[in-house]
Every structure is written in C-alpha cells, then in structure tokens.
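Below, each chain spelled out in residue letters.
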Amino acid sequence: MPPLFDWRFAADPYPAYAWLREHAPVRKTQLPSGVEAWLVTRYADARQALADPRLSKNPHHHGERGAHGKGKVGIPGERSANLMTHLLNIDPPDHTRLRRLVSKAFTPRRVAAFAPRVRELADGLIDSFATRGEADLIHEYAFPLPIYAICDMLGVPREDQEDFRTWAGMMIHQPGSPRGGVGRAVKRMRGYLAELIHRKRAELARADGRAEAARAEGGDALLSGDLISGLIRASDHGEHLTENEAAAMAFILLFAGFETTVNLIGNGMYALLRHPGQRAVLQQAVAEGDEGLLAGAVEELLRYDGPVELATWRFATRELTVGGQRVREGEPVLVVLAAADRDPAKFTDPDALDLTRQENQHLGYGHGIHYCLGAPLARLEGQTALATLLHRLPDLRLSADPEELRWRGGLIMRGLRRLPVEFTAAD
Ligand code: HEM
C-alpha cells in the first residue's frame, strides 16, 4: 500500500486513496497522533457515515482518551480556551438548537449583501502586489482574504484585524509569523472575541429600544448590524445564545472558515495553473460574465482537490456496520472526503479536472446535519477570489517547479505553503 500521512503523501494523497478505496474501503489505521481510527474512502459509505446518527460528534464517546484529552481530537487548545461546546463537537438536540440560532444570524442574504466587500478585498490585495510582476499567492492573497472577510463580517473593528492576521498565521505556521503555538493563538482569539461580545452586548442593550422600533417598522434588525450582533440578538422561542455560546460560535466560524477558504483559493488556483485548457475555459467565462460556469468551476475545483481531506471526527455510540466492516462502540471514524470525491463508482473520469462537469454531488462541504454552515460564504469568496485574479492578471503563471512546492498536510486540511507566480506587472 502507498504510504499514508508522510510528506510525499501530502503532495499527492490520491494514489493512496485509490488503493484504499479498492482494497480496504473501511480500514482501521494508526494516525500520526497515535490514535487508531477507521478511514472510510468510498463515496456511498462516506455519504452514509456522514449522516448516520449512531456516529456522534461528541468526543466523550471516544471513551477514556477523548474524555481526558489524550487522544488529540478536536481543535488544539480548545479545552483551555473553553471551546468544547461548538457545532462540530455536539449532537442533537443541542446541535439542533445552536444551529437553528446561528442560522438566523448567518443567513444567505447576509452573505449575498457582503459580495461587494469581498470584491473590494480581493482588488485591494491584488493592488498591493500588481506592480511587482511576481507574488506568493498564498501569503499575499489566499491567506489574508478570508481572515479579513470573516473579521469584517463578524464586526471585528478594522484596527484590530491585523492581530487576527497574526494569530491566524500562528495557527497555520505562516512564514514570518511569531512562533509560539497554535494553542496560544486560539486562546488569544477566543479571549478577544469574548470581550468583543461582552462590549457589543452592552451596546445592544442600550440600543434595544431603537432595534425594537426598527423591527416594528418591518426592518430586518439582524441584517442591520454585524454577525456578532446578529448572534447576540438571534432568538428561538425566546431562547438566546449565552455569552459563552456566542463566543464559541464566533470562534468556530473563524476557525472553520479560515484555513478551508485559504486552501480552496490556493489549491484551486494551483489546479488551474496546472491545467491550461481548463483555465482558458474559466478565463473566457469570467470575461463574458458567465456566473453559472464560474460557480460550477469552483464546485469542481473543490471536488478535484478540496481543502478538507477528512471530515472532522465521529465516534460510534454503539456497535454498527460501515461498508460491511464492524465498528465497535467508542471507536473513531474518519470520513475521507478527498477519497470519496474521486470515487469512480460515483464520478465519471474522477481524476480529470472538468470545470463543466454536470453531475457533481461532491462531499467537499460534508453531508447531513453538520453540512457546512459557511458554504454560501465559501462559495462567494472562492468565486470572487479566482475570478478577480484571472481578470486582473490574465497572464498569471507558476514561477516554481511543481516538484519543489511544499504542502501543508494536517490531518483534516491540505494546502500549499507557498504558491509563487509571475505575471506582467501593472503600470
Ligand atoms: C462544517 C467544509 C468554509 C463554517 C463543515 C464541514 C465541511 C466543511 C466538510 C462538515 C464537517 C463534518 O461533518 O465533520 C468547508 C469548506 C470550506 C468551508 C471546504 C471552504 C471552501 C466555511 C466557512 C465557514 C464555515 C467560510 C464560516 C464562516 C462551518 C461550520 C461548520 C462547518 C460552522 C459546522 C457545521 C455543523 O456542525 O453544523 N465545513 N467549509 N465553513 N463549516 Fe465549513
């Protein structure tokens, strides 16, 4: 079997996944952390496992190890930062309640209204390197764009956003970022958000009368403010998020929406640079304003080489069968989205990048009740970032040997460390 989880694997995991899909589609594997987990690699099994209520998201079902934090499951530093109760760690009925509340604030309408700001961000970042004729697209474009976007959406004041850029850089070990651990960055972000929520809550209480009046006039009070204010105001049958829940929610939106989007833009642009014919199709569509093709293209880039290799942890609450394999109570199950999305039983010619692919029910955003809450924002950012780059820098080309590019392969996420490009410099 080809090696799993070493640096060669991070550069191209697909041969190993093809082997697993064919020979051992549900296989118990030792992860780099020492934890043993079942890897699920076929599309049909993956889709079923993602939606199976017997597979819990709560790490307490991982027996002793999960409960005491020795199994290295979840977000680094989440215990000390008081972050255990977030959407990706809980099951119904708590999950249903929290997801319903956050969905009231994080609406597709709010995301759509944010489109001009994302375009402005993309243009501003390109302006900062356009006259140089070369850039590192990860460091200067894919990395800052999502962090500024989500900070803006949450309502983090612009003057504080550089701190978030630093903390986010620490979390993914960006070159030039201070060393000092993911845990510390997580704690600082969480602490900042808790304080911001506290302040906004007090402001909102003062403005309550005005908000009530706006609601009475038929205005959408949740749309009028930022997302944090929306989270504080959201209510369901009179229930609100507690301050602690709102802080954990704001953090998980940042955490789940940051590195994923960095890698959607980075992996996506890299795939386009390696497939000139496909890139020409997209460039033409962008020039003609064909938004349908652009949307389909970003879905295909996500299927072809998406940022999330493995969905987050699931634990068997009782014995069950996945793909004919018996999984015992307490055992962890990892659904390998990247393998499922290249399954020839589901996709025609799965290893080919086809931006005009019609049948494309990929699992890049997951499936079932934990389906990505931020998918509308991710789509907006991915489409805007790629279209703006192709429009502004039409002769963009890779300026490094692909063999020399290094990939960051955590367990869950996969993306490039650098993406050096060159292009005709703007005057
Ligand atoms: C959940 C992928 C961007 C917020 C998920 C899941 C996947 C995913 C696969 C399900 C995990 C599981 O079932 O274990 C992605 C990808 C993105 C992206 C590929 C970018 C290309 C975002 C953004 C946000 C976000 C921008 C928010 C700002 C969330 C949240 C969940 C989630 C809150 C948990 C939902 C729940 O448990 O109910 N995402 N995501 N994601 N995502 Fe995303």
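Residues numbered from 1 in each chain as written. Predicted model: local features only at pLDDT ≥ 70, side-chain atom pairs only at ≥ 80, totals over all residues.

Let us look at the nonpolar core. Judged by nonpolar contacts, the single largest core of 87 residues is most densely connected at Leu145, Leu231 and Ala250. In terms of residues, this core owes the most to one element, helix H15 (residues 243–274), which gives 18 residues. Excluding anything up to four places from it in sequence, Leu231 contacts Val102, Ala105, Leu241, Ala246, Met249 and Ala250. Grouped together as the second largest cluster of nonpolar side chains are 30 residues, Trp38, Ala49, Val336 and Ala339 included. (Core = buried A, V, L, I, M, F, W, Y, C linked by C-beta atoms within 7 Å. Buried ≥ 20, exposed ≤ 12 C-beta atoms within 10 Å, placed from the backbone. Helix = DSSP H or I, 4+ residues; strand = E, 2+ residues; numbered from the N terminus. Contact = placed C-beta atoms within 7 Å.)

Look at H15 against helix H19 (residues 375–392): their axes get within 10 Å of each other, and the N-to-C directions meet at 35°. Like other packed secondary-structure pairs, H15 and H19 cross with a definite hand, here right-handed. Residues Gly257, Thr260, Thr261, Leu264, Ile265, Gly268 and Met269 of H15 pack against Leu377, Ala378, Glu381, Gly382, Ala385, Leu386 and Leu389 of H19. When the residues that make up the contact of H15 with H19 are grouped by side-chain class, the tally is eight nonpolar, five polar and one charged. (Axes fitted to C-alpha atoms, helices over the stretch in contact; angles between N-to-C directions. Left-handed = near helix turned anticlockwise from the far one by under 90°. Nonpolar A, V, L, I, M, F, W, Y, C, P; charged D, E, K, R; others polar.)

To continue, consider unusual backbone geometry. Residues Pro92 and Pro93 are joined by a peptide bond in cis, for which omega reads 5°. For Pro93, the location among the structural elements is in the loop between helix H4 (63–67) and helix H5 (94–105). At Asp349, a residue that is not glycine, the phi angle is positive and equals roughly 45°. Structurally, Asp349 can be placed in the loop between helix H18 (337–340) and H19.

What follows covers H19. Relative to the 26 Å expected for 18 residues at 1.5 Å per residue, H19 spans 25 Å between its end C-alpha atoms, a close match to the ideal helical length. In terms of burial, H19 is a largely internal element, 13 of the 18 residues being buried. (Expected span 1.5 Å × (residues − 1).)

Another point: the environment of Gly181. Mapped onto the elements of the fold, Gly181 is located in the loop between helix H10 (161–171) and helix H11 (182–206). Looking at Gly181, the number of C-beta atoms within 10 Å reads 14, which means it is partly exposed. Linking Gly181 and Ala425, residues 244 residues apart in sequence, is a C-alpha distance of 37 Å.

Residues in contact with the ligand amount to 27 residues; listed here are only the nearest, Gly257, Thr260, Gly366, Cys372 and Gly374. The element contributing the most residues to the shell around the ligand is H15, with seven residues. Of the residues assigned to the shell around the ligand, the class counts are 16 nonpolar, ten polar and one charged. (Near = placed C-beta within 6 Å.)

Let's shift gears to helix H9 (residues 144–154). Side chains of residues three or four places apart in an α-helix project in the same direction, reflecting 3.6 residues per turn. Taken across its eleven residues, H9 has ten buried, putting it largely inside the fold. Within H9 the residues assigned to the buried category are Pro144, Leu145, Pro146, Ile147, Tyr148, Ala149, Ile150, Cys151, Met153 and Leu154. Among the structural elements, helix H7 (115–130), helix H8 (137–142), H10, helix H14 (227–233), H15 and H19 are those in contact with the buried residues of H9. Residue Gly155 follows H9 closely and has a positive phi angle near 100°.

Attention now moves to the confidence of the model for the protein. The predicted model of the protein averages 89 in pLDDT, with 89% of residues at 70 or higher. pLDDT under 50 marks residues 66–71. Its contacts with residues more than four places away, or in other chains, come to twelve contacts. Interface confidence in the predicted complex, given as ipTM, is 0.99; pTM for the same model is 0.92. (pLDDT = per-residue confidence, 0-100.)

Turning our eyes to something else, we now look at the sheet that holds strand E4 (residues 134–136). Pairing within the open sheet is antiparallel, and its three strands lie in the order E4-E14-E11. Either end of the sheet is taken by a strand with one partner, and the two such strands are E4 and strand E11 (397–398). Pairing geometry for E4 and strand E14 (residues 420–422), over three bridges, is antiparallel. Note on E14: the bridge partner recorded for Glu134 is Glu422. (Pairing = 2+ DSSP bridges.)

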